Amino acid sequence: DAGVTQSPTHLIKTRGQQVTLRCSPKSGHDTVSWYQQALGQGPQFIFQYYEEEERQRGNFPDRFSGHQFPNYSSELNVNALLLGDSALYLCASSTTSAQGTQYFGPGTRLLVL
Amino acid sequence: TQLLEQSPQFLSIQEGENLTVYCNSSSVFSSLQWYRQEPGEGPVLLVTVVTGGEVKKLKRLTFQFGDARKDSSLHITAAQPGDTGLYLCAGAVMDSGYALNFGKGTSLLVTP
């Protein structure tokens, strides 16, 4: 049984560019959450998708957007990249009955130059 | 946003020693998770606790959820070098769709 997968593993972009990160949840999971983890910090919640809609959102600007597909996979899009967007982006999947239990993927390391 | 404070921030011990990591908040959580993270990798789930006063054991690791569901602790008995890593606690609230609020983590180094 495959766990949560993310692609790409690493990415280098320049300021002002746009980026799309991808996530496939664990089999049987219908909810996908995205987190940003800066160096030396704990992950920060960006948003959560369920039934192809954004259900919850953290304190992130509109430059951060997402999408969930009918097969429950998800994308995170970031427009107009800033240097401060450099971080490890983590995807986590869960079920609606999980009471907070979320399983994380390996992450995508984004470097903005 | 519910703030979670973890202590200590850093811990360096020798193999065989015991240690306790604390996770505290002024907020009540529906559930609390503990994760371990290696550098450059995603957090790996260790345990979920949901009931106040709950104690769970995972081999040499003992997790406790406070009676008021505002705090938690992780105790490791006879630490081994393989326990080295970043330990993160994360609280979740049902009304927020169980989005995880993380502490900054405790970085543990166990030397042989």
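Our structure is the block above this text.
What comes next concerns the included structure. What you see is a predicted model; the values in this text were computed from it and never measured. (Residues numbered from 1 in each chain as written. Chains lettered and ligands numbered in written order. Predicted model: local features only at pLDDT ≥ 70, side-chain atom pairs only at ≥ 80, totals over all residues. Heavy atoms only, no water.)

**Let's talk about the pairing of strand β5 (residues 44–50) of chain A**
Residue and element names in this part refer to chain A.
Consideration 1: Within β5, five of the seven residues are buried, which leaves it mostly tucked inside the rest of the structure.
Consideration 2: Two successive antiparallel strands, strand β4 (residues 31–37) and β5, enclose a turn made up of six residues, where G40 displays a positive phi of approximately 80 degrees.
Consideration 3: Across four bridges, the pairing between β5 and strand β6 (residues 53–57) is antiparallel. Each bridged residue has a counterpart across the sheet, and for F47 the counterpart in β6 is R57.
Consideration 4: Count of turn residues in the β5/β6 antiparallel hairpin: two residues, of which E51 carries a positive phi of about 50 degrees. (Buried < 20%, exposed > 50% of the residue type's maximum accessible area, 1.4 Å probe, protein only. Helix = DSSP H or I, 4+ residues; strand = E, 2+ residues; numbered from the N terminus. Pairing = 2+ DSSP bridges.)

**Focus on the packing of aromatic side chains**
Consideration 1: Per the stated rule, a full pass over the model turns up nine aromatic pairs over all chains.
Consideration 2: Ring plane angle 50 degrees and centroid distance 5.4 Å describe the contact between A:Y35 and A:F104, whose orientation is recorded as tilted. In this pair, A:Y35 sits in strand β4 while A:F104 sits in strand β10 (residues 103–104), placing the two residues 69 residues apart along the sequence.
Consideration 3: Relative accessible area serves as the criterion here: at 0%, A:Y35 is assigned to the buried category.
Consideration 4: Chaining the aromatic ring pairs together yields one cluster made of A:Y35, A:F45, A:F104, B:Y35 and B:F102.
Consideration 5: Positioned above the aromatic ring of A:Y103 is the side chain of A:K26, whose terminal nitrogen or guanidinium carbon lies 5.2 Å from the ring centre. (Phe/Tyr/Trp six-rings, centres within 6.5 Å; stacked < 30°, edge-to-face > 60°. Lys NZ or Arg CZ within 6 Å of the ring centre and 35° of its normal.)

**Re the pattern of salt bridges**
Consideration 1: With the rule as written, the count across this model stands at six salt bridges over all chains.
Consideration 2: Taking the shortest distance from any N to any O, the salt bridge between A:R22 and A:E75 comes out at 3.4 Å. With A:R22 in strand β3 (residues 19–24) and A:E75 in strand β8 (residues 74–78), this residue pair connects regions lying 53 residues apart in the sequence.
Consideration 3: A:R22 gets classed as partly exposed once you look at its relative accessible area, which sits at 41%.
Consideration 4: In this structure, B:E54 and B:K56 form a salt bridge, with 3.8 Å as the shortest nitrogen-oxygen distance. (Salt bridge = Lys/Arg side-chain N within 4 Å of Asp/Glu carboxyl O.)

**Quick word on the state of the cysteines**
Consideration 1: Under the defined criterion, the tally for this structure stands at two disulfides over all chains.
Consideration 2: Covalently, A:C23 is tied to A:C91 through a disulfide, its sulfur atoms 1.8 Å apart. In this structure the cystine formed by A:C23 and A:C91 twists about its S-S bond by roughly -55 degrees; its chirality is therefore left-handed. You can see A:C23 sitting in strand β3 and its partner A:C91 sitting in strand β9 (residues 87–94), a full 68 residues away along the chain.
Consideration 3: The disulfide partner of B:C23 is B:C89, and the gap between their sulfur atoms is 2.0 Å. Taking the sign of the S-S torsion, about 80 degrees here, the bridge from B:C23 to B:C89 comes out right-handed. Here B:C23, found in strand β3 (residues 19–24), pairs with B:C89, found in strand β9 (residues 85–92); they are 66 residues apart in sequence, far enough to count as distant. (Disulfide = S-S within 2.5 Å.)

**Notes on the interface of chain B and chain A**
Consideration 1: Counting residues at the interface gives 23 residues for chain B and 21 residues for chain A.
Consideration 2: Three residues stand out in chain B for area buried against chain A, namely B:Y98, B:L100 and B:F102, and they jointly supply 26% of the buried area on that side.
Consideration 3: Counting across the interface, chain B meets chain A through zero salt bridges.
Consideration 4: Counting across the chain B and chain A interface gives eight residue pairs in polar contact (both at pLDDT 80 or more).
Consideration 5: Secondary structure elements with two or more residues in the side of chain B that touches chain A: β4 (31–37), β5 (44–49), β9 and β10 (100–102) of chain B. (Contact = heavy atoms within 4.5 Å. Buried area = accessible area lost by both parts, 1.4 Å probe. Polar contact = N/O pair within 3.5 Å; in protein donor to acceptor, adjacent residues only side chain to side chain.)

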